[in-house]
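Architecture at a glance
Okay, here's what each chain looks like letter by letter:
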Amino acid sequence: MTPFLSGFMITLLFVGGVYFVAVLERCSMTGNVSWSGPARSFLLLFAQEEIKTRKHDKVFFETAPVLFIGVILLTISILPFGRGSVIIDLGTGALFINAALVYIMVSLLMAGWAVNGVYAMVGGWRALAQLIAYSMPVVMALTATVMRAESMFLTDIVESQQSLWNILYQPVGFILFYISALAIAFLPPFDLPVAEGELAGGVWADLTGARKLLFRLGRLALVLTLSVAVVVLYLGGWMGPWLPGFVWTFLKTLLVAASFFAVGHFMPRIRHDHLLEYNWKYGVPLALYNIFQVGVVLLL
Amino acid sequence: MTPILQYLLLFGMLIATAGFVWMLYLIKQSLGKTLEEPGKDIPAESGNLVPKPAWLRYHVRYYGYALLFLAFDMEMAYMYPWAVVYQEVGLLALLDMGVFLMILFLGLVYTWTQLGLKRQ
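All residue numbers here refer to positions counted from 1 along the written sequence of the relevant chain. Going through the entries in the order they are written, you letter the chains from A and number the ligands from 1. Residue-level local features of this predicted model are given only where pLDDT is at least 70; pairs of side-chain atoms are given and counted only at 80 or more, and the full residue set underlies all totals for whole chains, interfaces and linings.

The subject of this paragraph is the interface of chain B and chain A. Contacts between the two partners involve 47 residues from chain B, matched on the other side by 53 residues from chain A. Counting residues per element, the ones that place at least two in the side of chain B that touches chain A are helix 1 (3-31), helix 2 (63-89) and helix 3 (91-113) of chain B. Whether two residues are in contact is decided by their C-beta atoms, placed from the backbone, lying within 7 Å. By definition, any uninterrupted DSSP run of H or I lasting at least four residues is a helix, any uninterrupted run of E lasting at least two residues is a strand, and each is numbered from the N terminus.

Set out below in structure tokens:
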């Protein structure tokens with residue numbers, strides 16, 4: 001496939017994917033499928049009045065949404081959608097995913113700080129706590145996939161799953177990465193920074209109009225990005241019989257995204273001290289065990 | 001594609017994102033101005049009009065985890081190159097990193113025994 005055509009396909013899949021994810025998100029909240037729902041909420045936020053809180057931090061107020069949506073687009077641009085269909089095949093792909101997604105926390109903290117409101121600030125500090133909790137399991141799970149592929153190219157990681165997908169080869173790593181992905185995207189069981197019940201919207205409490213729109217749109221893109229990352233790292237990427245690679249990636253991605261929202265639908269919100277405690281007491285030892293297990297199996 | 005071109009492309013995407021956001025702001029600005037109404041610009045605080053700023057000194061009660069996180073994050077920087085050459089080097093790599101990780105893991109266990117793994 002020519003670079004131009006595959007770039008076009010990736011853009012199309014990305015935009016379509018974000019719309020599907022928006023429909024899924026609404027479905028998880030309201031219980032019915034509404035194809036016009038995302039468009040209506042887009043128009044609502046687009047027409048909403050811009051309110052800036054008094055004594056806000058001007059620099060952070062302007063940069064936080066740009067940073068949030070920027071790093072997500074950087075991450076999606078290095079993920080392969082099909083054989084040879086990747087915008088930028090980066091030599092440090094597996095590391096780059098992790099490095100770029102850390103800035104989700106940075107932009108949430110910046111947005112929480114910027115509006116100068118108490119709820120937003122508490123949400124920002126919680127975002128930092130959440131990063132400290134999920135960061136180690138996600139990095140170690142990524143390392144184990146790199147060990148198997150002997151390369152940090154994401155295309156090589158997909159190729160290494162030719163004989164057996166990583167979900168079966170390293171199930172512990174998959175579970176850790178899956179849960180951490182939910183925490184990175186601050187989806188319902190881990191939606192501590194934007195908790196609606198206890199912080200009245202947290203980081204997003206005082207944002208209106210364009211900035212809220214960018215954060216909402218960014219989160220949908222983030223869910224899609226993380227679903228593609230799960231597919232690429234653990235579910236064999238574009239591999240599958242009969243259908244072309246693009247279709248397989250898209251189908252698997254939607255399935256993973258739907259499962260993300262399903263988990264959030266049936267789980268209560270976790271407390272932030274419990275999140276830290278469970279991750280460091282059980283998550284980190286399990287992640288180390290996963291590296292050890294993969295290491296031993298690779299040498300046999 | 002050479003690596004330098006790849007990073008230039010990534011940088012270009014950041015610039016493009018900033019441009020997209022700026023365009024959105026400009027469109028929104030042209031749609032109408034914000035009405036001046038009393039009390040509109042006060043941050044959400046459940047009806048309390050607290051005059052002081054929210055930028056207080058705040059007891060971050062998870063600082064113990066934060067310190068532990070620093071130690072582990074440093075170690076992860078070494079893990080990536082190690083993971084790439086792991087199969088080439090073989091058993092020696094497993095032993096080398098095993099000893100290193102065991103020391104770190106003992107640190108985690110020590111913190112746990114000293115009740116460091118809880119909200120302070």
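Confidence in the prediction of chain A, expressed as mean pLDDT, is 87, and 100% of residues score 70 or more. Per-residue confidence from the predictor is reported as pLDDT, which spans 0 to 100. When mean pLDDT is compared element by element in chain A, helix 8 (residues 171-184) of chain A scores highest at 92, while helix 9 (residues 196-199) of chain A scores lowest at 80.

Residues and elements named next belong to chain A. In this structure, Ala-200 is a non-glycine residue whose phi angle is positive, near 55°. Burial in this document is a count-based property: other C-beta atoms within 10 Å of a residue's C-beta are tallied, and the residue is buried at 20 or more, exposed at 12 or fewer, or partly exposed in between, with C-beta positions derived from the backbone. For Ala-200, a count of 18 C-beta atoms within 10 Å puts it in the partly exposed group. The backbone phi angle of Trp-242 is positive, close to 65°, even though this residue is not glycine. Considering the arrangement of structural elements, one finds Trp-242 in the loop between helix 10 (209-234) and helix 11 (245-266). The class of Trp-242 is exposed, set by 6 C-beta atoms lying within 10 Å.

Now for the domain arrangement of chain B. One can read the domain layout of chain B as domain 1 (1-30) and domain 2 (60-120). Source of the domain bounds: an automatic or database domain assignment. Each of domain 1 of chain B and domain 2 of chain B was reduced to a C-alpha centroid, and the two centroids are 37 Å apart.

So, on to helix 1 of chain B. Residues and elements named next belong to chain B. The span one expects for a helix is its residue count, reduced by one, times 1.5 Å. End to end, helix 1 covers 42 Å across 29 residues, agreeing with the expected 42 Å (1.5 Å per residue, within 8%). When you tally the buried positions in helix 1, you get 2 out of 29 residues, a small fraction of the element. One or two residues past the end of helix 1 sits Gly-32, with phi positive at roughly 155°.

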